[in-house]
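One-letter residues, chain by chain:
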Amino acid sequence: GESVGLHLPTLSVQEGDNSIINCAYSNSASDYFIWYKQESGKGPQFIIDIRSNMDKRQGQRVTVLLNKTVKHLSLQIAATQPGDSAVYFCAENMAHDMRFGAGTRLTVKP
Amino acid sequence: NAGVMQNPRHLVRRRGQEARLRCSPMKGHSHVYWYRQLPEEGLKFMVYLQKENIIDESGMPKERFSAEFPKEGPSILRIQQVVRGDSAAYFCASSYQKTNTEAFFGQGTRLTVV
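Keep in mind that what you see is a predicted model, and the values were worked out from it rather than measured. (Residues numbered from 1 in each chain as written. Chains lettered and ligands numbered in written order. Predicted model: local features only at pLDDT ≥ 70, side-chain atom pairs only at ≥ 80, totals over all residues. Heavy atoms only, no water.)

Student: Sorry if this is basic, but what is going on with the overall build of chain B here?
Tutor: Regarding its fold elements, chain B presents zero helices and eleven strands. Its C-alpha atoms put chain B at 35 × 25 × 25 Å along the principal axes. Buried positions account for 45% of the 114 residues belonging to chain B. Taking the intrachain contacts of chain B between residues at least 6 apart in sequence as the baseline, contacts between residues at least 24 apart amount to 52%. Working note: accessible area of chain B is about 5,800 Å², and carbon and sulfur atoms make up 45% of it. The average position of the 17 basic charges and that of the 11 acidic charges among the side chains of chain B differ by 6 Å. (Helix = DSSP H or I, 4+ residues; strand = E, 2+ residues; numbered from the N terminus. Buried < 20%, exposed > 50% of the residue type's maximum accessible area, 1.4 Å probe, protein only. Contact = heavy atoms within 4.5 Å. Areas by Shrake-Rupley, 256 points an atom, 1.4 Å probe, with all protein chains shown as cover. Lys, Arg positive; Asp, Glu negative; His and termini not counted. Charge placed at Lys NZ, Arg CZ, Asp CG, Glu CD.)

Okay, here's the thing in structure tokens:
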């Protein structure tokens, strides 16, 4: 089965609040992680990545945190907007392919 | 620089027919990955190819499914004698190098078997 999983299948937040999406991985040898956003009817879109030699990386309104001790990854979205509503996947880069979790559906309430 | 192009976007096949899904990677990318996605589920790895070579097909069903990435032209995912269970979205991604780099996805082909 897949080695990457998500704690919560759905997440609903109020517009303007911060969102936190979590992901657990099982392969301690994985050294590269990516968060993707997938809107309905579209392909996954890259959001942010992080390498295993880092524990935090920031982008525009997004921050990824990596805790290698507990093999946990999180995506934080600041000031969540309606356009952030989508399914978010974390992907674990293993050898020569990426393994995806089931995804978390983020819904932003106005 | 066009992104990853997949065609067709939607494909309807009757049971027993063949489905051919095409993927043109981004310019300069020689690594192609195919994934399958069922509704409300994640992306399941199927196969990883480089030009003219299948590197990892551990996610491919043993029968009816095949993939190629010829020297010239797009990568092809071929499903023979389709069954209703093959109905899914099939996504292709490409990357510049093998590991530790972002992969770009196409918009997918939605296969419906009737």
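Here the narrative resumes, following the displayed structure.
Student: Just to check I follow, could you spell out the overall build of chain A for this structure?
Tutor: Looking only at helices and strands, chain A has zero helices and eleven strands in total. For chain A, the succession of helices and strands along the chain, N to C, is β-β-β-β-β-β-β-β-β-β-β. Over its C-alpha trace chain A gives a radius of gyration of 13 Å, about what one expects of a compact globule, namely 13 Å for 110 residues. For chain A, the C-alpha atoms occupy an extent of roughly 40 × 25 × 20 Å along the three principal directions. (Rg over C-alpha atoms; globule rule 2.2 N^0.38 Å.)

Student: Quick question: what am I supposed to make of the state of the cysteines here?
Tutor: Two cysteines joined by a covalent bond between their sulfur atoms form a disulfide. Residues and elements named next belong to chain B. Under the counting rule described, the total for this entry stands at two disulfides over all chains. Note on cysteine connectivity: Cys-23 is disulfide-linked to Cys-92, with sulfurs 1.7 Å apart. Looking down the S-S bond of the Cys-23 and Cys-92 bridge, the torsion is -50°, so its handedness is left-handed. With Cys-23 in strand 3 (residues 19-24) and Cys-92 in strand 9 (residues 88-95), this pair connects stretches of sequence that are 69 residues apart. For Cys-92, a relative accessible area of 0% gives the class buried. (Disulfide = S-S within 2.5 Å.)

Student: Is there a simple way to explain the packing of aromatic side chains in this structure?
Tutor: Centre-to-centre distance and the angle between the planes together describe a pair of aromatic rings. Applying the stated rule across the entire model yields ten aromatic pairs over all chains. Consider the rings of Tyr-36 of chain A and Phe-46 of chain A, whose centres lie 6.4 Å apart with planes at 85°: the pair is edge-to-face. Of the two residues, Tyr-36 of chain A sits in strand 4 (residues 32-38) while Phe-46 of chain A sits in strand 5 (residues 45-51), which places them ten residues apart along the sequence. For Tyr-36 of chain A, a relative accessible area of 0% gives the class buried. According to the relative accessible area criterion, Phe-46 of chain A is partly exposed, its value standing at 25%. Plain terms: the ring middles of Phe-89 of chain A and Phe-100 of chain A are 6.2 Å apart, the flat faces sit at 85° to each other, and that makes the pair edge-to-face. Residue Phe-89 of chain A is located in strand 9 (residues 86-94), and its partner Phe-100 of chain A is located in strand 10 (residues 97-100); the two are separated by eleven residues in the primary sequence. The same class applies to Phe-89 of chain A as to Phe-100 of chain A, namely buried. Grouped by ring-pair contacts, the aromatic residues Tyr-36, Phe-46, Phe-89 and Phe-100 of chain A together with Tyr-35, Phe-45 and Phe-105 of chain B constitute a single cluster. (Phe/Tyr/Trp six-rings, centres within 6.5 Å; stacked < 30°, edge-to-face > 60°.)

Student: In this structure, what is going on with the nonpolar core? I would like to understand it.
Tutor: Note that soluble globular proteins tend to have their nonpolar side chains buried in a common cluster. Grouped together as the largest cluster of nonpolar side chains are 23 residues, with contacts concentrated most on Trp-34, Met-46, Leu-77 and Tyr-90 of chain B. Looking at this core, the elements that each hand over two or more residues are strand 3, strand 4 (31-37), strand 5 (43-50), strand 7 (65-68), strand 8 (75-79), strand 9 and strand 11 (109-113) of chain B. Those residues in contact with Met-46 of chain B that lie beyond four places of it in its chain are Trp-34, Tyr-35, Arg-36, Asp-56, Glu-57, Ser-58, Gly-59, Met-60, Pro-61, Phe-65, Leu-77 and Tyr-90 of chain B. Core analysis: the next-biggest nonpolar cluster, separate from the first, contains 20 residues, Leu-11, Cys-23, Trp-35 and Tyr-88 of chain A among them. (Core = buried A, V, L, I, M, F, W, Y, C linked by side-chain atoms within 4.5 Å.)

Student: Can you walk me through the pattern of salt bridges in this structure?
Tutor: Between side chains of opposite charge, a pair can form when the charged atoms approach closely. By the definition in use, this model includes six salt bridges over all chains. Measuring nitrogen to oxygen at the nearest pair gives 2.1 Å for the salt bridge that ties Arg-57 of chain A to Asp-49 of chain A. Assessed through its relative accessible area of 35%, Arg-57 of chain A is described here as partly exposed. Close ionic contact of Asp-84 of chain A with Arg-61 of chain A constitutes a salt bridge, the shortest N to O distance being 2.9 Å. Residue Asp-84 of chain A is found in the loop between strand 8 (72-77) and strand 9, and its partner Arg-61 of chain A is found in the loop between strand 6 (56-58) and strand 7 (62-67); the two are separated by 23 residues along the sequence. For Asp-84 of chain A, a relative accessible area of 7% puts it in the buried group. A single salt-bridge network, built from bridges that share partners, covers Glu-18, Arg-20 and Arg-78 of chain B. (Salt bridge = Lys/Arg side-chain N within 4 Å of Asp/Glu carboxyl O.)

Worth remembering: the numbers are spatial, not functional.
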